[in-house]
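Read off the chains here:
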Amino acid sequence: MSTQTIPKRPVVVSGPSGTGKSTLLKRLFAAHPDTFGFSVSHTTRMPRPGEKDGINYHFVTREHMVKAIANHEFIESAEFSGNMYGTSIKAVKDVMDNSKICILDIDMQGVKSVKQTDLNARFVFIAPPSPEALEERLRKRGTETEESIQLRLQTARDELDYAAVTGNHDKIIINDVLEDAYRQLEDYIFCKDAASALSS
Ligand SMILES: Nc1ncnc2c1ncn2[C@@H]1O[C@H](COP(=O)(O)OP(=O)(O)OP(=O)(O)O)[C@@H](O)[C@H]1O
(Lines give C-alpha, C1' and ligand atoms only; values in the text may rest on other atoms or scores of the structure.)
Protein backbone atom coordinates (compact mmCIF):
# COMPACT_ATOMS: atom_id res chain seq x y z
CA MET A 1 0.00 0.00 0.00
CA SER A 2 1.32 3.46 -0.81
CA THR A 3 1.76 6.17 1.80
CA GLN A 4 -1.01 8.20 0.16
CA THR A 5 -3.58 9.33 2.71
CA ILE A 6 -6.84 7.48 2.22
CA PRO A 7 -9.85 9.74 2.76
CA LYS A 8 -11.92 8.82 5.78
CA ARG A 9 -15.06 9.95 3.99
CA PRO A 10 -17.85 7.40 4.45
CA VAL A 11 -18.44 5.14 1.46
CA VAL A 12 -22.06 4.39 0.62
CA VAL A 13 -22.42 1.09 -1.22
CA SER A 14 -25.81 0.52 -2.79
CA GLY A 15 -27.31 -1.59 -5.54
CA PRO A 16 -30.19 -3.97 -6.12
CA SER A 17 -30.74 -6.85 -3.74
CA GLY A 18 -28.76 -9.84 -5.02
CA THR A 19 -26.25 -7.79 -6.98
CA GLY A 20 -23.39 -8.92 -4.73
CA LYS A 21 -22.83 -6.11 -2.21
CA SER A 22 -22.40 -8.39 0.82
CA THR A 23 -20.11 -10.71 -1.14
CA LEU A 24 -17.84 -7.82 -2.16
CA LEU A 25 -17.87 -6.13 1.23
CA LYS A 26 -17.12 -9.33 3.11
CA ARG A 27 -14.03 -9.74 0.99
CA LEU A 28 -13.03 -6.09 1.45
CA PHE A 29 -13.29 -6.30 5.24
CA ALA A 30 -11.33 -9.56 5.33
CA ALA A 31 -8.56 -8.07 3.17
CA HIS A 32 -8.32 -4.84 5.21
CA PRO A 33 -9.31 -5.72 8.76
CA ASP A 34 -8.25 -2.40 10.40
CA THR A 35 -9.38 0.08 7.78
CA PHE A 36 -13.13 -0.02 8.08
CA GLY A 37 -15.60 0.59 10.85
CA PHE A 38 -19.28 -0.11 11.31
CA SER A 39 -21.76 2.42 12.56
CA VAL A 40 -23.60 1.28 15.68
CA SER A 41 -27.33 1.19 14.98
CA HIS A 42 -30.08 2.36 17.30
CA THR A 43 -32.92 0.11 18.37
CA THR A 44 -35.93 0.26 20.62
CA ARG A 45 -35.76 -3.45 21.38
CA MET A 46 -34.48 -4.64 24.75
CA PRO A 47 -30.84 -5.74 24.97
CA ARG A 48 -30.32 -9.51 24.87
CA PRO A 49 -28.07 -11.05 27.51
CA GLY A 50 -24.48 -10.01 26.88
CA GLU A 51 -25.36 -7.13 24.55
CA LYS A 52 -23.79 -3.80 25.50
CA ASP A 53 -25.25 -0.36 24.94
CA GLY A 54 -23.14 1.61 22.44
CA ILE A 55 -21.38 -1.56 21.26
CA ASN A 56 -24.02 -3.87 19.79
CA TYR A 57 -26.65 -1.17 19.52
CA HIS A 58 -27.60 2.15 21.03
CA PHE A 59 -30.57 0.96 23.05
CA VAL A 60 -33.13 3.75 23.22
CA THR A 61 -36.80 4.30 23.95
CA ARG A 62 -39.34 4.62 21.16
CA GLU A 63 -40.03 8.18 22.31
CA HIS A 64 -36.33 9.07 21.96
CA MET A 65 -36.08 7.49 18.53
CA VAL A 66 -39.27 9.04 17.14
CA LYS A 67 -38.11 12.46 18.30
CA ALA A 68 -34.60 12.00 16.84
CA ILE A 69 -36.01 10.87 13.47
CA ALA A 70 -38.32 13.91 13.38
CA ASN A 71 -35.23 15.97 14.15
CA HIS A 72 -33.51 14.55 11.00
CA GLU A 73 -30.82 12.83 13.05
CA PHE A 74 -31.23 9.52 11.19
CA ILE A 75 -30.09 8.39 7.75
CA GLU A 76 -32.51 5.49 7.70
CA SER A 77 -34.91 3.78 10.02
CA ALA A 78 -37.31 0.90 9.81
CA GLU A 79 -39.65 -1.14 11.95
CA PHE A 80 -39.24 -4.92 12.28
CA SER A 81 -41.47 -7.07 14.45
CA GLY A 82 -42.60 -4.22 16.63
CA ASN A 83 -39.18 -2.64 17.18
CA MET A 84 -37.53 0.33 15.53
CA TYR A 85 -34.03 0.18 14.08
CA GLY A 86 -31.97 2.90 12.44
CA THR A 87 -28.63 4.43 11.58
CA SER A 88 -27.94 7.88 12.94
CA ILE A 89 -25.70 10.48 11.32
CA LYS A 90 -23.73 10.68 14.57
CA ALA A 91 -23.06 6.93 14.54
CA VAL A 92 -21.34 7.38 11.16
CA LYS A 93 -19.36 10.38 12.44
CA ASP A 94 -18.24 8.34 15.45
CA VAL A 95 -16.62 5.87 13.03
CA MET A 96 -14.80 8.69 11.25
CA ASP A 97 -13.66 10.13 14.61
CA ASN A 98 -12.15 6.72 15.26
CA SER A 99 -10.09 7.16 12.05
CA LYS A 100 -11.93 4.40 10.21
CA ILE A 101 -13.78 4.48 6.92
CA CYS A 102 -17.45 3.87 7.54
CA ILE A 103 -19.05 1.68 4.90
CA LEU A 104 -22.80 2.06 4.60
CA ASP A 105 -24.62 -0.74 2.76
CA ILE A 106 -27.96 0.96 2.24
CA ASP A 107 -30.85 1.23 -0.20
CA MET A 108 -31.79 4.03 -2.58
CA GLN A 109 -33.78 5.92 0.05
CA GLY A 110 -30.75 5.73 2.31
CA VAL A 111 -28.54 7.08 -0.49
CA LYS A 112 -30.86 10.04 -0.97
CA SER A 113 -30.95 10.60 2.75
CA VAL A 114 -27.14 10.58 3.10
CA LYS A 115 -27.00 13.21 0.36
CA GLN A 116 -29.04 15.51 2.63
CA THR A 117 -26.43 15.31 5.39
CA ASP A 118 -23.01 16.87 5.89
CA LEU A 119 -21.31 13.44 5.85
CA ASN A 120 -19.52 14.19 2.55
CA ALA A 121 -19.83 10.55 1.53
CA ARG A 122 -18.65 8.82 -1.62
CA PHE A 123 -21.30 6.84 -3.47
CA VAL A 124 -20.63 3.49 -5.13
CA PHE A 125 -23.32 1.61 -7.01
CA ILE A 126 -22.97 -2.12 -7.58
CA ALA A 127 -24.88 -3.04 -10.74
CA PRO A 128 -25.73 -6.52 -12.00
CA PRO A 129 -24.48 -7.43 -15.51
CA SER A 130 -28.13 -7.74 -16.61
CA PRO A 131 -31.62 -8.04 -15.08
CA GLU A 132 -31.55 -11.74 -15.99
CA ALA A 133 -28.30 -12.29 -14.09
CA LEU A 134 -29.75 -10.52 -11.07
CA GLU A 135 -32.80 -12.77 -11.09
CA GLU A 136 -30.60 -15.83 -11.42
CA ARG A 137 -28.45 -14.78 -8.45
CA LEU A 138 -31.48 -14.16 -6.28
CA ARG A 139 -32.90 -17.56 -7.20
CA LYS A 140 -29.60 -19.38 -6.73
CA ARG A 141 -29.04 -17.75 -3.33
CA GLY A 142 -32.13 -19.58 -2.22
CA THR A 143 -33.05 -17.12 0.54
CA GLU A 144 -36.18 -15.57 -0.95
CA THR A 145 -39.76 -16.59 -1.64
CA GLU A 146 -41.13 -16.06 -5.16
CA GLU A 147 -43.02 -13.00 -3.90
CA SER A 148 -39.86 -11.55 -2.38
CA ILE A 149 -37.89 -12.17 -5.60
CA GLN A 150 -40.53 -10.32 -7.65
CA LEU A 151 -40.54 -7.43 -5.18
CA ARG A 152 -36.74 -7.19 -5.28
CA LEU A 153 -36.68 -7.23 -9.09
CA GLN A 154 -39.30 -4.51 -9.21
CA THR A 155 -37.33 -2.36 -6.76
CA ALA A 156 -34.18 -3.07 -8.78
CA ARG A 157 -35.71 -1.32 -11.80
CA ASP A 158 -36.12 1.92 -9.84
CA GLU A 159 -32.62 1.60 -8.40
CA LEU A 160 -31.11 1.08 -11.86
CA ASP A 161 -33.04 4.08 -13.21
CA TYR A 162 -31.73 6.20 -10.35
CA ALA A 163 -28.18 4.98 -10.94
CA ALA A 164 -28.46 5.82 -14.65
CA VAL A 165 -28.69 9.51 -13.78
CA THR A 166 -25.24 11.09 -14.04
CA GLY A 167 -24.02 12.41 -10.73
CA ASN A 168 -26.18 10.25 -8.47
CA HIS A 169 -23.17 8.01 -7.80
CA ASP A 170 -19.43 8.65 -7.97
CA LYS A 171 -18.60 5.16 -9.18
CA ILE A 172 -20.62 2.41 -10.85
CA ILE A 173 -19.20 -1.09 -10.74
CA ILE A 174 -20.75 -3.87 -12.79
CA ASN A 175 -20.41 -7.05 -10.78
CA ASP A 176 -20.00 -9.52 -13.62
CA VAL A 177 -16.75 -11.36 -12.90
CA LEU A 178 -16.43 -11.11 -9.13
CA GLU A 179 -12.65 -10.72 -9.16
CA ASP A 180 -12.82 -7.75 -11.57
CA ALA A 181 -15.59 -6.07 -9.59
CA TYR A 182 -13.66 -6.53 -6.36
CA ARG A 183 -10.51 -4.93 -7.86
CA GLN A 184 -12.56 -1.96 -9.04
CA LEU A 185 -14.11 -1.52 -5.61
CA GLU A 186 -10.77 -1.73 -3.85
CA ASP A 187 -9.12 0.65 -6.33
CA TYR A 188 -11.91 3.15 -5.92
CA ILE A 189 -11.92 3.06 -2.14
CA PHE A 190 -8.15 3.34 -1.94
CA CYS A 191 -8.13 6.06 -4.59
CA LYS A 192 -6.24 4.15 -7.23
CA ASP A 193 -8.63 5.01 -10.00
CA ALA A 194 -9.42 8.20 -11.85
CA ALA A 195 -12.98 8.54 -10.57
CA SER A 196 -11.95 8.56 -6.93
CA ALA A 197 -9.06 10.93 -7.55
CA LEU A 198 -11.58 13.41 -8.93
CA SER A 199 -14.14 12.99 -6.16
CA SER A 200 -11.89 12.86 -3.10
N1 LIG B 1 -19.90 -11.76 -9.60
C2 LIG B 1 -20.76 -12.70 -9.23
N3 LIG B 1 -21.06 -13.71 -10.08
C4 LIG B 1 -21.94 -14.67 -9.72
N5 LIG B 1 -22.60 -14.72 -8.54
C6 LIG B 1 -22.34 -13.74 -7.66
C7 LIG B 1 -21.42 -12.68 -7.94
N8 LIG B 1 -21.38 -11.83 -6.87
C9 LIG B 1 -22.24 -12.36 -5.96
N10 LIG B 1 -22.81 -13.49 -6.42
C11 LIG B 1 -23.82 -14.35 -5.75
O12 LIG B 1 -25.07 -13.66 -5.86
C13 LIG B 1 -25.85 -13.85 -4.69
C14 LIG B 1 -26.24 -12.49 -4.14
O15 LIG B 1 -25.07 -11.85 -3.58
P16 LIG B 1 -25.15 -11.03 -2.22
O17 LIG B 1 -25.92 -11.78 -1.19
O18 LIG B 1 -23.76 -10.61 -1.91
O19 LIG B 1 -26.03 -9.77 -2.73
P20 LIG B 1 -26.46 -8.42 -1.95
O21 LIG B 1 -26.35 -7.33 -2.97
O22 LIG B 1 -25.67 -8.27 -0.72
O23 LIG B 1 -27.99 -8.71 -1.64
P24 LIG B 1 -28.94 -8.10 -0.45
O25 LIG B 1 -29.05 -6.62 -0.73
O26 LIG B 1 -30.23 -8.83 -0.65
O27 LIG B 1 -28.26 -8.41 0.86
C28 LIG B 1 -25.02 -14.67 -3.72
O29 LIG B 1 -25.45 -16.01 -3.78
C30 LIG B 1 -23.59 -14.51 -4.26
O31 LIG B 1 -22.80 -15.64 -3.97
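Residues numbered from 1 in each chain as written. Predicted model: local features only at pLDDT ≥ 70, side-chain atom pairs only at ≥ 80, totals over all residues. Heavy atoms only, no water.

Draft legend 1. Broad picture of the overall build of the protein. The helix and strand inventory of the protein stands at eight helices and nine strands. Across its three principal axes, the protein shows a C-alpha extent of roughly 50 × 45 × 30 Å. Looking at the protein as a whole, 44% of its 200 residues qualify as buried. Of the contacts made within the protein by residues no fewer than 6 positions apart, 65% connect residues no fewer than 24 positions apart. About 11200 Å² of surface is accessible on the protein, with carbon and sulfur atoms providing 52% of the total. Across the protein, 25 positive and 28 negative side-chain charges occur, with their mean positions spaced 4 Å apart. (Helix = DSSP H or I, 4+ residues; strand = E, 2+ residues; numbered from the N terminus. Buried < 20%, exposed > 50% of the residue type's maximum accessible area, 1.4 Å probe, protein only. Contact = heavy atoms within 4.5 Å. Areas by Shrake-Rupley, 256 points an atom, 1.4 Å probe, with all protein chains shown as cover. Lys, Arg positive; Asp, Glu negative; His and termini not counted. Charge placed at Lys NZ, Arg CZ, Asp CG, Glu CD.)

Draft legend 2. How the structure looks around the site of the ligand. As a structural note, the neighbourhood of the ligand is formed by 14 residues, with Ser 17, Lys 21, Ser 22, Thr 23 and Arg 141 the closest of them. A distance of 3.0 Å separates an oxygen atom of the ligand from a polar atom in the backbone of Gly 20. Within the backbone of Asp 176, a nitrogen or oxygen atom sits 2.8 Å from a nitrogen atom of the ligand. Calculation on the ligand without its partners gives an accessible area of 640 Å², and the protein chains cover 71% of this total. Contributions of two or more residues to the shell around the ligand are made by α1 (21–31) and α5 (131–141). Of the residues forming the shell around the ligand, the biggest block, three residues, is contributed by α1. Here the shell around the ligand is built from residues that sort into two nonpolar, seven polar and five charged. (Near = heavy atom within 4 Å. Polar contact = N/O pair within 3.5 Å; in protein donor to acceptor, adjacent residues only side chain to side chain. Nonpolar A, V, L, I, M, F, W, Y, C, P; charged D, E, K, R; others polar.)

Draft legend 3. Examining the pattern of salt bridges more closely. Counted under the stated rule, the structure contains twelve salt bridges. One salt bridge in this structure joins Asp 118 and Lys 93, with 2.9 Å as the shortest N-O distance. With Asp 118 in the loop between α4 (108–115) and β8 (122–127) and Lys 93 in helix α3 (residues 89–97), this pair connects stretches of sequence that are 25 residues apart. Since its relative accessible area comes to 57%, Asp 118 is described here as exposed. Residue Lys 93 is classed as partly exposed on the basis of its relative accessible area, which comes to 31%. Through salt bridges with shared partners, one network takes in Arg 27, Glu 179, Arg 183 and Glu 186. (Salt bridge = Lys/Arg side-chain N within 4 Å of Asp/Glu carboxyl O.)

Draft legend 4. Quick look at the packing of aromatic side chains. One pass over the full model with this rule turns up six aromatic pairs. Ring geometry for Phe 29 versus Phe 38: centroids 4.9 Å apart, planes at 75°, classification edge-to-face. On the basis of relative accessibility, which here comes to 21%, the residue Phe 29 falls in the partly exposed class. Judged by relative accessible area, which is 54%, Phe 38 ranks as exposed. Cluster of aromatic residues (ring-pair linked, three or more members): Phe 29, Phe 36, Phe 38 and Phe 190. Over the aromatic face of Tyr 182 sits the side chain of Arg 27, whose NZ or CZ is 4.3 Å from the ring centroid. Stacked on the ring of Phe 123, the Lys or Arg Lys 115 has its end atom at 4.1 Å from the ring centre. (Phe/Tyr/Trp six-rings, centres within 6.5 Å; stacked < 30°, edge-to-face > 60°. Lys NZ or Arg CZ within 6 Å of the ring centre and 35° of its normal.)

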